[in-house]
Amino acid sequence: ISSSFESAQAPGAPRAPALRAPRVSHPAAMLTGDLRTRSARSTSMMRSQPTTVSEKELDPKTKARMALESVGFDLQESQQYIEYARGLSGKLGRFKGGFRWLYLCAAGFGAGAVAVAICSVLKLVNEAKVGAQEQLFQAGYGLGVRYLAWVGSSLVLAAVAGFLVCYVEPLAAGSGIPEIKCILNGIDLPNVLRMRTLVAKALGIVCSVAAGLPCGREGPMIHSGAIVAAQFTGASAGPLPTPYRITPEARDMVAAGAAAGVAAAFGAPIGGVLFAVEEGASHMNPTILVRTFVCSAVAALMVRFFAGPRGEATAWGTLGADVPVEFGRFAVQSYTIFELPVFALLGIFSGFAGALFNFLNLKLSLWRMRWVGPRGHWRFLEVLIVTAVIISFNFFAPLIKGGSTAMGDFDVSQTLFVASGDEAIKQLFHGQERIDPWMLLFFALIHYLQTVWTYGLGVPSGLFVPSLLGGAAFGRLVGQAAQGVTLLGARPGVYALVGAAAMLSGMARITISLVVILMETTGDAEFGVPIFIVVMAAKWVGDVFNEGIYDLHIHLRHVPLLEHRPEKHLLALRAGDCMAAPVVCAPQISRVQDLMDMVASCRHHAFPVVQSSSGHFVGMVERNTLMHVLLLGGKCGAFSDCAEANGKGKVAVSYSNMIRHGFPQCPPLASVREAVAAVPEDQEIDLAPYANKGSFTVEEDAAANRCYVLFRTLGLRHVPVLGPDHTVRGIITRKDLLAAAEHGEHGEHGASAGAPSPASEARKDSPGECGADGSQGAGLPEPLGGRVAEV
């Protein structure tokens, strides 16, 4: 928890004799005089006006947000880190840079390898299922036996996927794109990037897609690429131990891995980079873009090298269009100017359809959260029921048209119900024969409803291919109807392509990256203009009604995500209206035992460091840094009998030494207690060398809108609010800003400056990033689908 909030203490627990900044509404309580007198007066003032809100009084949104932690990407300007950074010049700096490129290429290779493995296994399973149907038909078995074999195999596969989510790793459910978006936005979601999640995700997506559910494997591939890249953040760079665990480095590596996942899924390295920029990262600059592109290009090279020989279509070493998702080239790459209005109308329709999809799926997700639960037997049972219903319907639906009951004898309209999503999309894009319009409309409507039902189910599932398939069916239907208009000269395949792009944009509100991905997967840049028209039309229409499906599922779990633009209600607020107070501060010259009591009695993530005599703000010291200094200070000579606050204290505990002991993770509190117990009680330490003296601060009168921009663009975690006399009046976190915006939305502009909101007060009793035992975090409600992740 950020330093705005004080956690509850057990009866009899020692109170930390740390400075506490008073509320702004009580200027007489500003700290003056002796250090202990100021602390007592501030504590007395805080006790005289209790504002604690019990957990039972909190609304579900506040409770969910209190369980979530954020991370900061701000540049550290402490003397400790500056000395470490200076030491990386020359040979060590070249080591770090060289190994970074090596790990980026390895991450791209790993993302491509995961994609190839998923596609290879999936192809074998699908061939086995279809082959079994053909063998049963040739052996003379009736429709009932073939139905039981088809549904039975699908249920077994769905059971494996559901078991992995419901009993092994709940975070493997869904596409994983919302989780990655939250991480790149600065939200700490434990277990999202660990290998266990990768294994469950990769194996589960093979089973859920092979089972015949309307799921795509592309979203899970993006998540898998991010997980692969995250594993390299703990690697060393030659003699440098784990230099990439620093949060900005780790964030950039995860962004590159996510882009590599897109490139591996579609063979679209440029689209992958744009997807990372559009959907996740707010921190991009030319340097990071180049690194991300290199990682994406290696992933695309990996899948192009192995995808062709895997399918025995090309010889080894021949690189071409064989990638996990490839929609083929169009023979005729032209369209008329008169078709553009028709494309725009198709985009408007897709915007309405996408908004309706999001609305229906949101209502279904709320029902699941209330009655099904995040994991366990009920969710597993739902997986089996949904699979049985969908597979049974799709097995018998082609027979409505009549004809042979053998799958090998189905025409295109019948094959749509039982074929994989990629094969069905290719048929709609490039099929020359006219498809029965009534069967096509029937499939489009049924597939639309099945996708609504499936997304959010307890299996790994993506939305790319299902939405593209549904849109392609609607687009093909319009294209066939427009063939009779001589002025248009319509080709149904082009309308299928445009409809596919429009439907995905209407659901997910993806724009630029989607256009580039489709151009790369079809190899036809000529269709960039019509695709862009329908994408923007679908997005604009959909935004009138609701947000994209990924954002809706993020907000469904009340994740404090900072959007691209601040809420308009923040324009009328100032920093003093949003900040939380009082603040637990650490004197620059502190007794070691006092600091130990402070970190043991509260769970704040960072503490403002103030001058012991005047209370002026010096900088911010993070909890993990403080705990490592307390752990290693005795051995490194950081403590003394009489420390001096001269601003040029010696850095006794080096940054590299902390990294070797697990930084940026907090050490166990028991180990810190044991180390401090051996230190004499009168030992002191100067915190100035370890404080970030360049941390961003704002004045009380600063606009809340400006604070939001600082958080969003610079990746900040907390911003101290200073008074005219340079003393700490309060502190702001992203949760404070969002709570203030929501209060302003309901017309609550009259709150006094510095008055804590229910959200900020609740965090006094909420579990912090470092618990009382020194462990990382506490219970965290999973951001999507009602899942719960244990730290």
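Rules used throughout
- Residues numbered from 1 in each chain as written.
- Predicted model: local features only at pLDDT ≥ 70, side-chain atom pairs only at ≥ 80, totals over all residues.
- Heavy atoms only, no water.
- Helix = DSSP H or I, 4+ residues; strand = E, 2+ residues; numbered from the N terminus.
- Buried < 20%, exposed > 50% of the residue type's maximum accessible area, 1.4 Å probe, protein only.
- Areas by Shrake-Rupley, 256 points an atom, 1.4 Å probe, with all protein chains shown as cover.
- Phe/Tyr/Trp six-rings, centres within 6.5 Å; stacked < 30°, edge-to-face > 60°.
- Lys NZ or Arg CZ within 6 Å of the ring centre and 35° of its normal.
- Axes fitted to C-alpha atoms, helices over the stretch in contact; angles between N-to-C directions.
- Parallel < 35°, antiparallel > 145°, perpendicular 65-115°, else oblique.
- Contact = heavy atoms within 4.5 Å.
- Nonpolar A, V, L, I, M, F, W, Y, C, P; charged D, E, K, R; others polar.
- Salt bridge = Lys/Arg side-chain N within 4 Å of Asp/Glu carboxyl O.
- Polar contact = N/O pair within 3.5 Å; in protein donor to acceptor, adjacent residues only side chain to side chain.
- Pairing = 2+ DSSP bridges.
- Core = buried A, V, L, I, M, F, W, Y, C linked by side-chain atoms within 4.5 Å.
- Patch = residues over 30% accessible without salt bridge, like charges linked within 9 Å, V, L, I, M, F, W, Y side chains within 5 Å.

(A) Representation of the overall build of the chain within the structure. A tally of helices and strands in the chain yields 29 helices and 13 strands. Across the 791 residues of the chain, 59% fall into the buried class. On the chain, roughly 29,800 Å² of surface is accessible, and the fraction owed to carbon and sulfur atoms is 62%.

(B) A look at the packing of aromatic side chains. Tallied over the entire structure, the rule returns 26 aromatic pairs. Their ring planes at 35° and their centres at 6.0 Å tell us that Phe 330 and Phe 429 sit as a pair that is tilted. With Phe 330 in the loop between helix 11 (286–310) and helix 12 (339–372) and Phe 429 in helix 15 (residues 421–430), the pair connects residues that are 99 residues apart, well separated along the chain. According to the relative accessible area criterion, Phe 330 is buried, its value standing at 8%. Consider the rings of Phe 393 and Phe 442, whose centres lie 6.0 Å apart with planes at 50°: the pair is tilted. Placement of Phe 393 in helix 13 (residues 377–396) and of Phe 442 in helix 16 (residues 437–454) is noted, with a sequence separation of 49 residues between them. Relative accessible area serves as the criterion here: at 34%, Phe 393 is assigned to the partly exposed category. A network of ring pairs unites the aromatic residues Phe 95, Phe 99, Tyr 103, Phe 232 and Tyr 244 as a single cluster. Note that Lys 129 overlies the ring of Trp 150, its terminal NZ or CZ placed 4.2 Å from the centroid. The aromatic ring of Phe 73 is capped on one face by Arg 251, whose charged end is 4.6 Å from the ring centroid.

(C) How the structure looks around the environment of Gly 267. Structurally, the position occupied by Gly 267 is in the loop between helix 9 (247–266) and helix 10 (269–280). By relative accessible area, Gly 267 is classed as buried at 3%. Taking the C-alpha atoms as reference points, Gly 267 and Glu 520, 253 residues apart in sequence, are found 7.4 Å from one another.

(D) Main features of the packing of helix 6 (residues 177–185) against helix 10. Relative to each other, helix 6 and helix 10 sit at 75°, their axes nearing to 9 Å. Classified by the angle between their axes, helix 6 and helix 10 sit roughly perpendicular to one another. Residue-level contacts link Ile 177, Lys 181, Leu 184 and Asn 185 of helix 6 to Phe 275, Glu 279 and Gly 280 of helix 10. Classifying every residue of the contact of helix 6 with helix 10 gives three nonpolar, two polar and two charged.

(E) View of the pattern of salt bridges. Under the criterion given, the structure shown has 14 salt bridges. Close ionic contact of Lys 401 with Asp 411 constitutes a salt bridge, the shortest N to O distance being 2.4 Å. Taken together, the residues Lys 401 in the loop between helix 13 and helix 14 (412–415) and Asp 411 in the loop between helix 13 and helix 14 connect sequence positions 10 residues apart. Judged by relative accessible area, Asp 411 falls into the partly exposed class, the value being 25%.

(F) Highlighting the side chain of Ser 467. Position of Ser 467 among the secondary structure elements: in helix 17 (residues 464–482). For Ser 467, a relative accessible area of 1% puts it in the buried group. Only 2.7 Å separates the side chain of Ser 467 from the backbone oxygen of Leu 463, close enough to count as a polar contact. Excluding residues within four positions of it along the chain, Ser 467 makes contact with Ala 500, Met 503, Leu 504 and Met 507.

(G) Focus on the side chain of Thr 521. Its location among the elements puts Thr 521 in helix 19 (residues 512–522). In contact with Thr 521, not counting residues within four places along its chain, are Phe 266, Val 325, Glu 326, Phe 327, Gly 328 and Arg 329.

(H) Quick peek at the sheet that holds strand 10 (residues 718–722). The three strands are arranged 9-10-11 in an open sheet whose pairing can be described as mixed. One side of each edge strand has no neighbouring strand; the edge strands of this open sheet are strand 9 (698–699) and strand 11 (728–733). Direction of pairing for strand 9 relative to strand 10: parallel, over a ladder of two bridges. Bridged to Val 698 within strand 10 is Val 721. Most of the contacts of helix 27 (residues 704–714) go to strand 11, to which it runs at about 55°, and overall it touches strand 9, strand 10 and strand 11.

(I) Fine view of the nonpolar core. Counting 176 residues, the largest nonpolar core has Leu 428, Phe 429, Phe 464, Tyr 550, Phe 607 and Leu 626 as its most contacted members. With 12 residues, helix 18 (residues 492–508) is the single largest residue contributor to this core. Not counting the four nearest positions on each side in its chain, Tyr 550 is found in contact with Ser 175, Ile 177, Pro 178, Glu 279, Tyr 455, Leu 463, Phe 464, Ala 508 and Ile 510.

(J) Representation of the packing of helix 12 against helix 13. As a packed pair, helix 12 and helix 13 sit with axes 10 Å apart at the nearest point and diverge in direction by 130°. One element, helix 12, and the other, helix 13, form an angle in the oblique class. Listed contacts from helix 13 to Trp 367, Arg 368 and Val 372 of helix 12 are Trp 378, Arg 379 and Glu 382. Along the lines of polarity and charge, the residues of the contact of helix 12 with helix 13 split into three nonpolar, no polar and three charged.

(K) Broad picture of a nonpolar patch on the surface. Nonpolar side chains collect at one region of the surface, where Leu 345, Ile 348, Phe 352, Val 544 and Phe 545 lie side by side and expose about 520 Å² of accessible area between them. Among the elements of the structure, helix 12 and helix 20 (528–545) are those that each provide at least two residues to the nonpolar patch. No other element matches the three residues that helix 12 contributes to the nonpolar patch. Here Phe 545 lies in helix 20. Judged by its relative accessible area of 51%, Phe 545 is exposed.

(L) Quick look at the pairing of strand 4 (residues 583–587). Across the five residues of strand 4, five count as buried, placing the element largely inside the fold. By the alternation rule, side chains of strand 4 split into Val 583, Cys 585 and Pro 587 and Val 584 and Ala 586, which are all buried. Here strand 4 pairs with strand 6 (residues 606–610) via two bridges, running parallel. Across the sheet, Ala 586 pairs through a bridge with Val 609, a residue of strand 6.

(M) Molecular detail of unusual backbone geometry. The omega torsion across Ala 581 and Pro 582 is 5°, close enough to zero to call that bond cis. As for its placement among the helices and strands, Pro 582 is situated in the loop between helix 22 (575–578) and strand 4. Omega for the bond connecting Phe 663 with Pro 664 falls within 30 degrees of zero, at 15°, which places this linkage in the cis form. Looking at the secondary structure, you find Pro 664 in the loop between helix 25 (655–660) and helix 26 (669–677). Positive phi is not limited to glycine here, since Thr 242 has a value of about 40°. Checked against the element boundaries, Thr 242 lands in the loop between helix 8 (218–231) and helix 9. Looking at Thr 242, the relative accessible area reads 13%, which means it is buried. The residue His 726 is not glycine, and still its phi comes out positive at about 65°. Here His 726 lies in the loop between strand 10 and strand 11.

(N) Structural view of the environment of Pro 170. Here Pro 170 shows up in the loop between helix 5 (143–168) and helix 6. Separated by 205 residues in the primary sequence, Pro 170 and Arg 375 place their C-alpha atoms 6.8 Å from one another.

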